[in-house]
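Understanding the architecture of this molecule
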Amino acid sequence: MRAFEKLEPRDVFYYFEEICRIPHGSGNLQQISDYLVSFAEEHHLAHCRDEYGNVIMVKEASEGYEDHAPVMLQGHMDMVAVKKPDCDIDMKTEGLRIQVDGDRVYAEGTSLGGDDGIAVAYGLALMAGNYKHPKIELVITAEEETGMDGARGIDLSGCQSRKLINLDSEEEGVFLAGCAGGARVNYNALLTPVMQKGTVYRVTVDGLLGGHSGAEIDKERGNAICILGRAMKELEEAGLSIALCNIDGGLADNAIPRQAEAVFLVTGYKGNGEEKDILEKVVEKLEEGLATEYRKKDPGVRLQTEILDTEERMALSEEDSRRLVNLICMLPYGVQAMSSSMKGLVETSLNPGVISLKQGQLHVGISVRSSVDSAKQGLFDRLSALAQLAGVEMEITGNYPGFSYKEDSPLCSKMSEVYENMYGRRPEVMAIHAGLELGFFAGKIKGLDCISMGPDMKNIHTTEEELSVSSVKRVWKYLLQLLEEM
């Protein structure tokens, strides 16, 4: 017996279960891509697969809808494949152990891949069924979770649709009508450490909340890398001669760093008193100030200092150390501009998310986001100027476009009208300060009108991920009604 056999809508959950049986974590998509091609062939659908693994299939309009404008439906085939430490599933070769608990669908010991397997299931159920709809162009992209490479490379020149419904959202009744574009800015430099004498100290910043650099950037939480830069600068201003040995902070450019630390030599003190006392007083005073600054936003912020030893160590020169401390202290962070079209929406921001200094090799990773291309370019220019002042090399990687919220979107108006008629209330229309594949699509198809929607999901990208059965059913009914009325 199939795990989802009794769930409604039956055809949607049939295909979702088929997808769950196929390993399809990012970077491991050959089987799922082959399955989609086989599906298109079995149902005699015009289709193609490109070098990136993207699959496009086309279903002609149902009877009476031949003169209606075509519609594109879109989702991605890859999932974030994570498992609990004690789970014995090989997610590269085995399917998921799917479970049903009331209204909740989940996978035992692993992520579920509802993001975005349910979008693919909706699309396949529509392509295989007998429903009323205009011509459908179903686009299923590859490698969305690891950089949107499928959407970046896909050729849409053969597509006719100028309306796109993306099915990659996780909250029913919320329509996403805009998203930020972004990129990663990397600073790199190879500096020359030399053997030096002095007392070795460590300063650590921790206790911060962190969060997603798009979703939580407006909460003004502390950034451990930026706070570390302040601490090191204040130590220099207090008269300590510093030679940096190592720096480490953050986990990813798109995550607000919760922890950062610097190991350094104090090679001299230009003042009165003991260097250890001065260092501890500076750090203690800064911690008190930060406690006031972040008392509501990030109340757990903490600075700690400790002596490691007194010995010779490889460390940067005082001049290079001063230049690097200035760079870290000057790194811009946080919201740079708010949207003038949608109240409360962040338009432009950036986040220094990763820093590393080991054996003289410096790396800083910064996430840049904006829904306005010129504003994003403005941040690139500022960061380039800072790199030149600091004498480090800068590169931009993973540049992806956003699309701005359109107050006069005909697609959004129609979708809202149908939703209100079905459920007696208006949907929430919003934009997000994070990336969606829609930015690439909007850049490839002139005049494209696009909206993202989906059923309720929780804890995506984690082993606690779950999908609401009743929400899947409601969104399916809504999608069918929408296509019938478009």
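On a predicted model such as this, the values are computed, not experimentally measured, just so you know.

Overview of the packing of aromatic side chains
For any pair of aromatic rings, the description rests on two quantities: the centre-to-centre distance and the angle between the ring planes. One pass over the full model with this rule turns up 11 aromatic pairs. Joined through ring pairs, the aromatic side chains of Phe175, Tyr419, Tyr423 and Tyr478 make up one cluster.

Re the pattern of salt bridges
When their charged atoms lie close together, side chains carrying opposite charge are able to pair. Inspection of the entire model under this criterion finds 26 salt bridges. Note that arginine 230 and glutamate 293 form a salt bridge whose closest N and O atoms lie 3.0 Å from each other. Of the two residues, arginine 230 is situated in helix α5 (residues 224-237) and glutamate 293 in helix α6 (residues 275-293); the sequence distance between them amounts to 63 residues. Under the relative-accessibility criterion, arginine 230 is labelled partly exposed at 27%. Glutamate 237 is paired through a salt bridge with lysine 233; the nearest N and O atoms lie 3.6 Å apart. Note that glutamate 237 and lysine 233 are positioned in helix α5 at a spacing of four residues, about one turn of the helix. Residues participating in the shared-partner salt-bridge network are Arg2, Glu17, Glu18 and Arg21.

Things to note about α6
Because each turn of an α-helix spans 3.6 residues, side chains separated by three or four positions end up pointing in the same direction. Spanning 19 residues, α6 covers 27 Å between terminal C-alpha atoms, matching the ideal 27 Å at 1.5 Å per step. Along α6, the residues that are buried comprise Glu275, Ile278, Leu279, Val282, Val283, Leu286 and Leu290. Looking down the long axis of α6, one finds its buried residues gathered within 125° of arc, a one-sided arrangement. For α6, exposure combined with an orientation more than 90 degrees from the buried face picks out Lys281 and Lys285. Buried residues in α6 make contact with β10 (194-206), α5, β12 (240-249), β14 (260-269) and β15 (302-315).

Some words on the sheet that holds strand β22 (residues 457-458)
Paired through their backbone hydrogen bonds, the strands of a sheet run either parallel or antiparallel. With antiparallel pairing, four strands are arranged side by side in an open sheet as β4-β5-β23-β22. Since the sheet does not close on itself, it has two edges, and those belong to β4 (98-101) and β22, each with one partner. This element, helix α11 (residues 469-485), spans β5 (104-107) and β23 (466-468) of the sheet and lies at about 50° to β23.

Concerning the nonpolar core
Membership of the largest hydrophobic core comes to 67 residues, with the highest contact counts inside it found for Phe16 and Met57. If sequence neighbours within four positions are ignored, methionine 57 has contacts with Leu36, Phe39, Ala40, Leu45, Ala46, His47, Leu124, Met127, Ile136, Glu137 and Leu138. Of all hydrophobic cores here, the second largest spans 53 residues; its members include Leu208, Ile247, Leu316 and Ile355.

Re the environment of aspartate 168
The residue aspartate 168 is located in the loop between β7 (163-166) and β8 (174-179) in this model. Separated by 285 residues in sequence, aspartate 168 and methionine 453 have C-alpha atoms that sit 6.3 Å apart. Leaving out residues up to four positions away in the same chain, aspartate 168 has contacts with His76, Asp115, Asp116, Glu144, Ser452 and Met453.

What counts and what doesn't
- Residues numbered from 1 in each chain as written.
- Predicted model: local features only at pLDDT ≥ 70, side-chain atom pairs only at ≥ 80, totals over all residues.
- Heavy atoms only, no water.
- Phe/Tyr/Trp six-rings, centres within 6.5 Å; stacked < 30°, edge-to-face > 60°.
- Salt bridge = Lys/Arg side-chain N within 4 Å of Asp/Glu carboxyl O.
- Helix = DSSP H or I, 4+ residues; strand = E, 2+ residues; numbered from the N terminus.
- Buried < 20%, exposed > 50% of the residue type's maximum accessible area, 1.4 Å probe, protein only.
- Expected span 1.5 Å × (residues − 1).
- Arc of directions from axis to C-beta.
- Contact = heavy atoms within 4.5 Å.
- Pairing = 2+ DSSP bridges.
- Axes fitted to C-alpha atoms, helices over the stretch in contact; angles between N-to-C directions.
- Core = buried A, V, L, I, M, F, W, Y, C linked by side-chain atoms within 4.5 Å.

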